[in-house]
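# What the coordinates show
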Amino acid sequence: MSDHATLGARVKEKQVVKASRVPSLTADLASSCVWDDNMVADSQLRQRDVSFVTIGGGIGSFALVDTLRIAGVSAENISVIGPFANAYESLKSLLINSQIPDSHRIRSGSSDRMDNIWGWPGYGMAEAFRRKNPLLLMHLAAEPVLCEYYTPRASDVYASMDREAERISWHQMFTPGKVPLVRKRREGGYFVVVVPPDNADSTSDVSDSKLEIIRARYVHLSLGAAGLRILPDLESYRAITGDMNHVVNVYEPHEHVYRALIERPGSSVLVRGAATSAMEVIGRLIHDRNSHDSKVVIYHLLHHYVKEPKGSPMWRIPGGNGFAYQAFTFTKGAYGGQLQDRWRSLRSDEDRTRLLGLLASTAIPKRRQWLRELARGTSEGWYKMLAGSAAGLQKGDNEKIVATIDHNTADHHDDHGSENAASTLEVDYVIDCTGVTVDVRDHEVLADLIDCGGAGLNAIGQLAVNRSFEVEGAYSGNGKVFTTGFSALGNPYVVPMYSFWGYQYCALTIANSLANEGFCNRINTRRSIGGWWRLVRNRTP
Amino acid sequence: MTFTLAGRIQTRLFLAATVGVLWTAIITPFLPSPPMGAIGGVGMVPMQMSRLMILIPTPYNPTPIDYQMTFGTIGMMAVVGVVWELLYHLLQQFRWDKDWPPLFTLLAGIPEGLVLWYVIHLVHVENGTVALNSPGMPMFAIHFATTWLLMWLFMVGPMKVAILRWRFEGGRII
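Conventions and cut-offs
- Residues numbered from 1 in each chain as written.
- Chains lettered and ligands numbered in written order.
- Predicted model: local features only at pLDDT ≥ 70, side-chain atom pairs only at ≥ 80, totals over all residues.
- Heavy atoms only, no water.
- Helix = DSSP H or I, 4+ residues; strand = E, 2+ residues; numbered from the N terminus.
- Rg over C-alpha atoms; globule rule 2.2 N^0.38 Å.
- Buried < 20%, exposed > 50% of the residue type's maximum accessible area, 1.4 Å probe, protein only.
- Contact = heavy atoms within 4.5 Å.
- Areas by Shrake-Rupley, 256 points an atom, 1.4 Å probe, with all protein chains shown as cover.
- Lys, Arg positive; Asp, Glu negative; His and termini not counted.
- Charge placed at Lys NZ, Arg CZ, Asp CG, Glu CD.
- Buried area = accessible area lost by both parts, 1.4 Å probe.
- Salt bridge = Lys/Arg side-chain N within 4 Å of Asp/Glu carboxyl O.
- 1 Å grid on protein atoms, 1.4 Å probe; cavity = no way out; pocket = protein on both sides within 12 Å on 5 of 7 lines; lining within 4 Å.
- Points joined across faces, edges and corners; volume = space filled by probe spheres on them.
- Nonpolar A, V, L, I, M, F, W, Y, C, P; charged D, E, K, R; others polar.
- Disulfide = S-S within 2.5 Å.
- Phe/Tyr/Trp six-rings, centres within 6.5 Å; stacked < 30°, edge-to-face > 60°.
- Lys NZ or Arg CZ within 6 Å of the ring centre and 35° of its normal.
- Core = buried A, V, L, I, M, F, W, Y, C linked by side-chain atoms within 4.5 Å.

## Here we look at the overall build of chain A
Scanning chain A for helices and strands turns up 18 helices and 22 strands. For chain A, whose C-alpha radius of gyration is 24 Å, the value lies close to the compact-globule estimate of 24 Å for 541 residues. With respect to the principal axes defined by its C-alpha atoms, chain A has extents near 70 × 55 × 45 Å. Here chain A holds 541 residues, and 58% of them are scored as buried. Here the contacts in chain A between residues at least 6 apart in sequence split such that 70% fall between residues at least 24 apart. Carbon and sulfur atoms provide 51% of the accessible area of chain A, an area that totals close to 22,300 Å². Measuring between centres, the 60 positive side-chain charges of chain A sit 7 Å from its 60 negative side-chain charges.

Written out as structure tokens, the structure reads:
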């Protein structure tokens, strides 16, 4: 998805959030950071006991639950709380917004399979057998030397997760709802407050009988990108003009933009960003141009025009045609290879920031088809690449938007703008693909965990975790809170936190740590082979 | 593959000790032993299966010398391989992604095989001439190529199942 450096650097200033106002909690409970069994019993709220609760119910929860089930934890001992029954639902809507519908391929490797922690057979091999296509096997053997990386179709990812969800009894473990609070239990472990989804259209408070409290020893938080925020300049444009339609972020629903561009042929759009999501957006615009004759004119704003490979011999990022090239969101060696070792060896935040700048370079996979289309657009005059940084958005005449572009920061590029110059551009729409900000406090439960549960923050303002992804400071007796995904970004152990690989890596690490405590079995060679064989035959773990 | 240096060396030794040793034990009796190995060698026995005539390779009695040669070859492949891994790791530093595509590992069998052919003469695992038309060449070539291919196939697939942490920890086993 989006660029890690941007995510890290733009974490917003912290604002003090007051403890949550959950309807129908007794005053006693609402005001205490540590609850005991008697207080909860006195509240008359529904209550149940589960050893392990995972909150979020998305990809992060799925990876961990899958691993724990394989490590021998029974479905009765696990509870999953989240807004959607299917773990991929949030991912799917983000992908659809960023122009990767089910039939398109996602930017992920063959062996990072969400339904198979072993990664073999990978998505590619499965597709080769399904489509009886032996050439695909040769493709897998030759990638990325002789051909581009194989990437799985989004629909295949979802379908395989459906199958695995069935196998591990996901739906039996799943409870729909939102968790506003996780409070420490005096006797050890935690109380998890679950507010059921408000499916009635009334505005009335949730009634007492519906609120549920789960008593658990372990809590896992993987709340995902729900707290994504648009960039400040978009926010201020919207605040000043009141116009919510013409300036959008790629992860927001913005189908109306494409519809309008088709309805009014010859309109123009400014796409900002040089990462994959910008390319997917441009791909959609070109598709609409070809099949709906939208005649759209695309301005593409890149921070730097990359003319050629750049850097020292040991750190030379491939590049050309304006873009830096990298197959995946992070440099491959960060996915468990030597760059992960390097990351772990660093001791200062400055060193980590410097390395992250390299590992999370803004880049696109070098897909020939994209480059061909852009070359065609350039020669036909409907695609224009601009180098510079966005320096303001204003409302112009006739519903137009005036975008100011500062070329000072850009590398020199022959066609567009000389040095020390700023220029303005009039367009009908702006689609921003440069990044998002995440704030840990956007999630009520995380804010409460910081204010009330003792959770610490790391250098970039996310939750501080130890090597096993336990939230530091949030311990309660023999209980632990784990967190993976966005809320553990900036940790000194793993860089690609929001990748399929990252979720599975964290899941395996947590499972190992829980095995040390006797909660599950260690996935040694015997259990690994046995578990894989059960998966292949589609038997319950 | 995202190898660390330790992971490379561990993977190499692990594959040699498992797939390499097992396959060598299986295939040695079927290899075309050079004349100096006396009675070893491969034969083909015609076999009637319904209406289909097939040829089944049958082992002659391999001699201890044959086993000494094949296991010696695998051993040297592992030992010399550690040096090769140092070179690969150095080359990996010039790759932006700091990774090592499986195709590189597969193709590395060609230079490694050639060097190994000289090395096994150097340490007297194999005797006779080092010329590529040596009588011992077919045995070595078949043995080394099949072993290399099997090790590679195991690495890109079943290895991930046998040792779950392997692909998450840069190829490290311990």
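## Topic: the interface of chain B and chain A
Taken together, the contacts link 32 residues of chain B with 45 residues of chain A. Counting the surface lost from both chain B and chain A, the interface buries some 3,000 Å², and carbon and sulfur atoms represent 61% of this. The largest per-residue losses of area from chain B upon contact with chain A belong to B:Trp96, B:Val161 and B:Phe168, which jointly make up 29% of the total buried on that side. Across the contact surface, chain B and chain A share two salt bridges. In this structure, the salt-bridge partner of B:Arg167 is A:Asp112, at a minimum N-O distance of 3.4 Å.

## Section: empty space enclosed by the protein
Tallied over the entire structure, the rule returns seven cavities of 30 Å³ or more. B:Arg12, B:Leu15, B:Glu85, B:Thr105 and B:Met155 are, among the 15 residues lining the largest cavity, the residues nearest its centre. Those elements giving two or more residues to the lining of the largest cavity turn out to be helix H1 (5-27), helix H2 (64-92) and helix H5 (137-156) of chain B. Residue classes in the lining of the largest cavity are distributed as nine nonpolar, two polar and four charged. By volume, the second largest cavity amounts to about 80 Å³. Lining the second largest cavity are 11 residues, with A:Gly224, A:His443, A:Gln462, A:Phe486 and A:Ser487 sitting closest to its centre. Classifying every residue of the lining of the second largest cavity by side-chain character gives five nonpolar, five polar and one charged.

## Some details on the layout of surface pockets
Residues and elements named next belong to chain A. Roughly 1,400 Å³ of volume is contained in the second largest pocket. Lining the second largest pocket are 47 residues, and of these Glu-148, Pro-365, Lys-366, Arg-367 and Trp-370 lie nearest its centre. Those elements giving two or more residues to the lining of the second largest pocket turn out to be helix H7 (134-142), helix H12 (276-292) and helix H15 (368-380). Broken down by element, the residue count for the lining of the second largest pocket peaks at eight residues, all from H12.

## Digging into helix H13 (residues 338-345) of chain A
Structurally, the α-helix is built with 3.6 residues per turn, so residues lying three or four positions apart point the same way. Among the residues making up H13(A), those that are buried are A:Gln338, A:Leu339, A:Gln340, A:Trp343 and A:Arg344. Tucked inside the fold, the buried residues of H13(A) contact helix H14 (349-359) and helix H17 (500-516) of chain A together with H2 of chain B.

## So, the state of the cysteines
Residues and elements named next belong to chain A. A full pass over the atoms with the stated rule returns one disulfide over all chains. Each sulfur in the disulfide pair Cys-33 and Cys-452 lies 1.8 Å from the other. The chirality of the disulfide connecting Cys-33 with Cys-452 is left-handed, given an S-S dihedral of about -100 degrees. In this pair, Cys-33 sits in the loop between helix H2 (27-31) and strand S1 (34-35) while Cys-452 sits in the loop between helix H16 (444-451) and strand S22 (480-483), placing the two residues 419 residues apart along the sequence. Exposure remark for Cys-33: the relative accessible area of 30% places this residue in the partly exposed category.

## Details of the packing of aromatic side chains
Within this structure, the stated rule accounts for 25 aromatic pairs over all chains. On the numbers, 5.7 Å between centres and 10 degrees between planes, the contact of B:Phe140 with B:Phe144 is stacked. Note that B:Phe140 and B:Phe144 are positioned in helix H5 at a spacing of four residues, about one turn of the helix. Of the two residues examined, B:Phe140 and B:Phe144, each falls in the buried class. A connected cluster of aromatic rings, assembled from ring pairs, spans A:Phe330, A:Tyr335, A:Phe486, A:Tyr498, A:Trp501, A:Tyr505 and B:Phe168. Over the ring of A:Tyr258 we find A:Arg284, and its NZ or CZ is 4.3 Å from the ring centre. In this structure, B:Arg8 is placed above the aromatic ring of B:Trp100, and the distance from its NZ or CZ to the ring centre is 4.8 Å.

## Comments concerning the nonpolar core
If you look at the biggest cluster of nonpolar residues, it comprises 124 residues, and the most contacted ones within it are A:Ile298 and A:Phe323. A total of 11 residues in this core trace back to one element, the largest contributor, which is H17(A). Discounting chain neighbours no more than four positions away, the residues touching A:Phe323 are A:Ala274, A:Met279, A:His300, A:Leu302, A:Val306, A:Pro318, A:Ile364, A:Leu371, A:Leu374, A:Tyr383 and A:Met385. Grouped together as the second largest cluster of nonpolar side chains are 31 residues, B:Trp84, B:Ala108, B:Ile120 and B:Met159 included.

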